[in-house]
Amino acid sequence: MTDTKKSIHGEWSSRFAFILAATGSAVGLGNIWKFPYITGENGGGAFVIVYLLCVLLIGVPIMMAETMLGRRSRQNPINTMITLADEAGADKNWHYLGWMGLIAGFLILSYYSVIAGWASAYVLKALTGSFFGADAITIKALFDDFMASPMQLAFWHSLFMLATMLVVVRGVNTGLEKAVRFLMPSLFILLILMVAYAMTFDDYYDRGIKFLFTPDFSKLTGNGVLTAMGHAFFTLSLGMGAIMIYGSYLPKNVSIAKTVYLIAGTDTVVALLAGIAIFPIVFAAGLEPAAGPGLIFQTLPIAFGNMTGGWLFGILFFVMLVFAALSSSISLIEPAVAWLVENKDMSRKQACIWSGSITWLLGFGTIFSFNLWSEFKIFDKTVFQLLDYLTANLMLPIGGFCIAVFAGWIMKQQHTEHELDMPNALSYQIWQILIRYVAPSAVFLVFLHVVGVL
Ligand code: TRP
């Protein structure tokens, strides 16, 4: 394999562009919508600690591995696995890993887009002053009414899918780069403002911060541990080829390790800031931390409705959230689009229309989970809950496990060493221990624990 090989889809203009795109992919609804509500459902502190450990010991080394695989082959995840398995003299079946990733991307985006649709709808609600002076009960009623309307949910989901397709048609390294450059820092500043606001509450420390950071392991179940681990994959966009495809557009001379630290660090800080901003409001408003997927939509509007400048902050916040979701959603569909272009000879436009339409249709399963089908359960879960569980808790960790095994045991050491180009031998050794032993066995043990063997 030559060092001059490039992806047919182009390349990021710089290291910074890759950092922005990968951070854009990582930071999204996972950090601001999902992290707070699953933390609330799983009792707080202990869950947060397990999540942080998973990011550090499993997420970071696997993110390096996934980026590396993509950059070495410069193709979509399926072809990457074929090429690299071939190079290592390994079994052809490794390409099923790419397939699982493609399917996981469709499934995740199908519900991701519905939730991003909620955020888009809330831009309009903020704009028209729906939160003004509202208390917790009014805000909850507003949310419940919205959930009860499949038409409205479908409208916003369609709009968001359309936006995703429009960006992806242009190619990830044109339209996207520019938008993310400006939006990521703005979201960050706004979150800090929300944290500052949360700190004005009397008992913000005693209830908000303590809930997040004081571990009580008796509150953490086996499934809670699985959710924390699954979320480490979800929030870093790992295990399905998104980071692999972004890695395939990464210029040769960029240090993968340093870049990954930066991306994972930013992602974690954003999630923690969201938690710090949200829980004081949850407790002050007398809400349940375990309110579920509606948590941020039932809490933040109370703050926007009652703080000075809340009208403007509310609009800005939801706009930013939509853009954070957009820069994530495109990475969920890009592997499929790249595959259709490379292997099925489609134009980018055709590929976007195909994959976008399939995802759009699948999205109705999630839409109906909140109204028409709310009583329809498989394994005691609605369609939305099932999709979430299947992807975040099962497919991504399984994908990550396989990536770790492939990078640690199948690829030739001289290749991984060359491709990662760590600053020193020790860093490489640490990575190798994590990717060979720690990450795969951690995933395995958590699975054993959940099925009750351990
Ligand atoms: N990481 C994103 C978030 O936290 C979601 C996401 C984007 C994702 N691409 C992914 C999750 C790939 C899993 C796999 O919102």
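Look above for the structure.
Here the structure is a predicted model, which means the values were calculated and not measured. (Residues numbered from 1 in each chain as written. Predicted model: local features only at pLDDT ≥ 70, side-chain atom pairs only at ≥ 80, totals over all residues. Heavy atoms only, no water.)

Draft legend 1. Focus on the nonpolar core. One finds Trp118, Phe317 and Trp431 to be the most contacted residues of the largest nonpolar core, which totals 171 residues. Setting aside residues no more than four positions away along its own chain, Trp431 makes contact with Pro61, Met64, Ala65, Met68, Ala407, Thr416, Leu420 and Met422. (Core = buried A, V, L, I, M, F, W, Y, C linked by side-chain atoms within 4.5 Å. Buried < 20%, exposed > 50% of the residue type's maximum accessible area, 1.4 Å probe, protein only. Contact = heavy atoms within 4.5 Å.)

Draft legend 2. Broad picture of the site of the ligand. Not every one of the 17 residues close to the ligand is listed here, only the nearest: Ala26, Gly30, Tyr112, Phe234 and Ser331. Contact between the ligand and Leu29: an oxygen atom at 3.1 Å from a main-chain N or O atom of the residue. Contacts to the ligand include Tyr112, whose side-chain N or O atom sits 2.5 Å from an oxygen atom. Relative to its free-state accessible area of 370 Å², the ligand is covered by the protein chains to the extent of 100%. (Near = heavy atom within 4 Å. Polar contact = N/O pair within 3.5 Å; in protein donor to acceptor, adjacent residues only side chain to side chain. Areas by Shrake-Rupley, 256 points an atom, 1.4 Å probe, with all protein chains shown as cover.)

Draft legend 3. Representation of the packing of aromatic side chains. Applying the stated criterion across every chain yields a total of 32 aromatic pairs. Ring centres of Phe143 and Phe297 lie 6.0 Å apart, and the angle between their planes is 15°; on these two criteria the pair is classed as stacked. Here Phe297 lies in helix α13 (residues 295–306) and Phe143 lies in helix α6 (residues 136–147), a separation of 154 residues in the sequence. There is no split in this pair, since Phe143 and Phe297 are both buried. In this arrangement the basic side chain of Lys125 is found over the ring face of Phe146, its NZ or CZ atom lying 4.7 Å from the centre. Over the face of the ring belonging to Tyr389 we find Lys381, whose NZ or CZ atom lies 4.6 Å from the ring centre. (Phe/Tyr/Trp six-rings, centres within 6.5 Å; stacked < 30°, edge-to-face > 60°. Helix = DSSP H or I, 4+ residues; strand = E, 2+ residues; numbered from the N terminus. Lys NZ or Arg CZ within 6 Å of the ring centre and 35° of its normal.)

Draft legend 4. The arrangement of the environment of Gly208 in detail. Structurally, the position occupied by Gly208 is in helix α9 (residues 204–213). Take Gly208: its relative accessible area is 2%, and that puts it in the buried class. Considering only alpha carbons, one finds Gly208 and Lys377, 169 residues apart in sequence, at a separation of 33 Å. The residues touching Gly208, leaving out its near neighbours within four places in the chain, are Asp203, Phe279, Pro280 and Phe283.

Draft legend 5. Focus on helix α18 (residues 425–450). The terminal C-alpha atoms of α18, which comprises 26 residues, lie 37 Å apart, in line with the 38 Å expected from a rise of 1.5 Å per residue. At Leu434, α18 shows its maximal kink, close to 40°. Packed against the buried residues of α18 are α3 (45–73), α10 (222–235), α16 (383–410) and α17 (413–420). (Expected span 1.5 Å × (residues − 1). Bend = angle between axes of the 7 residues up to and from the residue.)

Draft legend 6. Spatial organisation of the pattern of salt bridges. According to the stated counting rule, one finds eight salt bridges in the structure shown. The residue Glu87 makes a salt bridge to Arg72 at a minimum N-O spacing of 3.0 Å. Taken as a pair, Glu87 in helix α4 (residues 77–87) and Arg72 in helix α3 lie far apart in primary sequence, 15 residues in all. Overall, the relative accessible area of 10% leaves Arg72 in the buried class. In this structure, Glu419 and Arg72 form a salt bridge, with 2.9 Å as the shortest nitrogen-oxygen distance. Of this pair, Glu419 sits in helix α17 while Arg72 sits in helix α3, and the two are 347 residues apart along the sequence. Neither Glu419 nor Arg72 differs from the other in exposure class; each is buried. Residues participating in the shared-partner salt-bridge network are Arg71, Arg72, Glu87, Lys252 and Glu419. (Salt bridge = Lys/Arg side-chain N within 4 Å of Asp/Glu carboxyl O.)

Draft legend 7. Spatial organisation of the packing of helix α5 (residues 95–127) against α6. Two elements in contact, α5 and α6, have axes whose closest approach is 12 Å; the angle formed by their N-to-C orientations is 130°. Taken together, the axes of α5 and α6 lie oblique to each other. When the axes of α5 and α6 are compared, the crossing they make is right-handed. Where α5 approaches α6, its residues Trp118, Ala121, Tyr122 and Lys125 are matched on the opposing element by Leu142, Phe143, Phe146 and Met147. Tallied by class, the residues present in the contact of α5 with α6 amount to seven nonpolar, no polar and one charged. (Axes fitted to C-alpha atoms, helices over the stretch in contact; angles between N-to-C directions. Parallel < 35°, antiparallel > 145°, perpendicular 65-115°, else oblique. Left-handed = near helix turned anticlockwise from the far one by under 90°. Nonpolar A, V, L, I, M, F, W, Y, C, P; charged D, E, K, R; others polar.)

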